[in-house]
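The residues making up each chain are set out below.
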Amino acid sequence: MNLFQMKGVGISFGGNRILGHVTLSMEPGEIVTVVGPNGSGKSTLLRILVGALPVDEGEVIRKQGLRIGYVPQRLQLDPTLPMTVSRMMRLRRKVSRADVSDALEQAGIPTLANRQMSELSGGQFQRVMLARALLGRPELLILDEATAGLDQPGTASFYRQIEQVRQDMGCGVLMVSHDLHVVMSASDRVICLNGHICCEGEPSHVASAPEYRALFGEGTKGALALYAHHHDHNHTHEAAE
């Protein structure tokens, strides 16, 4: 069963058409990356999916009781505010210390529970945001440019952790990203968005599409080809587990 289906979704703000005729679905265990230029509607798509925005046309059908975890772009915290990682994890949510410990382990930062948030590196901070999203054991993990501001090694490390989370939890992962250089290695499927879905499919297919090269330049095809994605998992098998 699909985690969600969008059927002919459209939305406008102030008379400006932001998204139109968007039809999209995801399977359990699938990693899908949405790419597109600034203003193409990527974040709006995510906000519709989590139920934060109503659509003007079309419909969104979510699996009944779908559990969603959300990792935002870097969150701004007052650096003078004393707050440990453990305390941050428990804000607005009643969870046990064991749950916090498990989530930090899944995010690859098992020793950071007692560290102050203000002392964390950018990569560590985003891992905490990831751990917080994993507390509810999501069936769908959504990341809105979660690696923004990280250097290339930090970005690559974060994506490797996401792949590990997918393997361990079997959740679907929907990412918005500008990191074109890792899209090929991080994704099963790429959606190229610019107010509508310009093209979609396996990364190698999208990298060859004229619509994709028109948006991002001819040079991106060769750059992305260096990161060809190989995997041996089976989505149907994972979902059954």
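In what follows, the structure referred to is the one given above.
Residues numbered from 1 in each chain as written. Predicted model: local features only at pLDDT ≥ 70, side-chain atom pairs only at ≥ 80, totals over all residues. Heavy atoms only, no water.

**Focus on the overall build of the protein chain**
A count of helices and strands for the protein chain gives 10 helices and 9 strands. Residue pairs at least 24 apart in sequence account for 70% of intrachain contacts in the protein chain once pairs closer than 6 positions are excluded. Carbon and sulfur atoms provide 48% of the accessible area of the protein chain, an area that totals close to 11800 Å². (Helix = DSSP H or I, 4+ residues; strand = E, 2+ residues; numbered from the N terminus. Contact = heavy atoms within 4.5 Å. Areas by Shrake-Rupley, 256 points an atom, 1.4 Å probe, with all protein chains shown as cover.)

**Some points on the packing of aromatic side chains**
For the structure on display, the rule yields 1 aromatic pair. Ring geometry for Y212 against F216: centres 4.9 Å apart, planes inclined by 40 degrees, an arrangement best described as tilted. One end of the pair, Y212, and the other, F216, are both in helix α8 (residues 210–216), 4 residues apart, so they sit about a helical turn from each other. For F216, a relative accessible area of 22% gives the class partly exposed. (Phe/Tyr/Trp six-rings, centres within 6.5 Å; stacked < 30°, edge-to-face > 60°. Buried < 20%, exposed > 50% of the residue type's maximum accessible area, 1.4 Å probe, protein only.)

**Regarding the nonpolar core**
Membership of the largest hydrophobic core comes to 35 residues, with the highest contact counts inside it found for M89, M117, V128, L130, L141 and L143. Sorting the residues of this core by element identifies α2 (85–90), α3 (97–106), α4 (122–134), β6 (140–144), α5 (152–169) and β7 (172–176) as the ones contributing at least two each. Take this core: its biggest share by element is 7 residues, from α4. Once residues within four sequence positions are removed from consideration, M117 is found in contact with L77, M83, T84, V85, M88, F125, V128 and M129. With 24 residues, the next largest nonpolar core counts L19, L24, V34 and L46 among its residues. (Core = buried A, V, L, I, M, F, W, Y, C linked by side-chain atoms within 4.5 Å.)

**A short note on the pattern of salt bridges**
The full count for this structure, using the stated rule, is 8 salt bridges. For E30, the salt bridge goes to R189, with nearest N and O atoms at 2.8 Å. Placement of the pair is E30 in the loop between β2 (16–26) and β3 (31–35) and R189 in strand β8 (residues 189–193), with a sequence separation of 159 residues. When sorted by exposure, E30 lands in the same class as R189, which is buried. R166 is the salt-bridge partner of D188, the closest N and O atoms lying 3.0 Å from each other. You can see D188 sitting in the loop between α6 (180–186) and β8 and its partner R166 sitting in helix α5, a full 22 residues away along the chain. Like R166, D188 is buried. Look at the salt bridges and you will find they share partners, linking E30, R189 and E200 into a network. (Salt bridge = Lys/Arg side-chain N within 4 Å of Asp/Glu carboxyl O.)

**Some thoughts on the sheet that holds strand β1 (residues 4–13)**
Taking strand neighbours across the sheet as the criterion, the 3 strands line up as β2-β1-β4 in an open arrangement whose pairing is antiparallel. For this open sheet the edge positions go to β2 and β4 (57–62), each flanked by a neighbour on one side alone. Within the sheet, the average angular offset between the axes of one strand and its neighbour, ignoring direction, is 25 degrees. Bridge analysis of β1 against β4 gives 5 bridges, and the strand direction is antiparallel. By the bridge assignment for β4, G10 is matched with E57. Those strands touched by helix α1 (residues 42–49) are β1, β2 and β4, and its axis lies near 120 degrees from that of β1. (Pairing = 2+ DSSP bridges. Axes fitted to C-alpha atoms, helices over the stretch in contact; angles between N-to-C directions.)

**Some words on the side chain of T155**
When you line up the elements, T155 lands in helix α5. Among residues more than four places away in sequence, those in contact with T155 are T147, L150 and D179.

**So, α5**
In this model α5 runs 26 Å from its N-terminal to its C-terminal C-alpha over 18 residues, within 8% of the 26 Å that 1.5 Å per residue would give. Turning to α5, its buried residues number three or more, namely T155, F158, Y159, Q161, I162, V165, R166 and M169. The buried residues of α5 occupy an angular sector of 155 degrees when projected down its axis, which confines them to one face. More than 90 degrees from the buried face of α5, the exposed residues found are P153 and R160. (Expected span 1.5 Å × (residues − 1). Arc of directions from axis to C-beta.)

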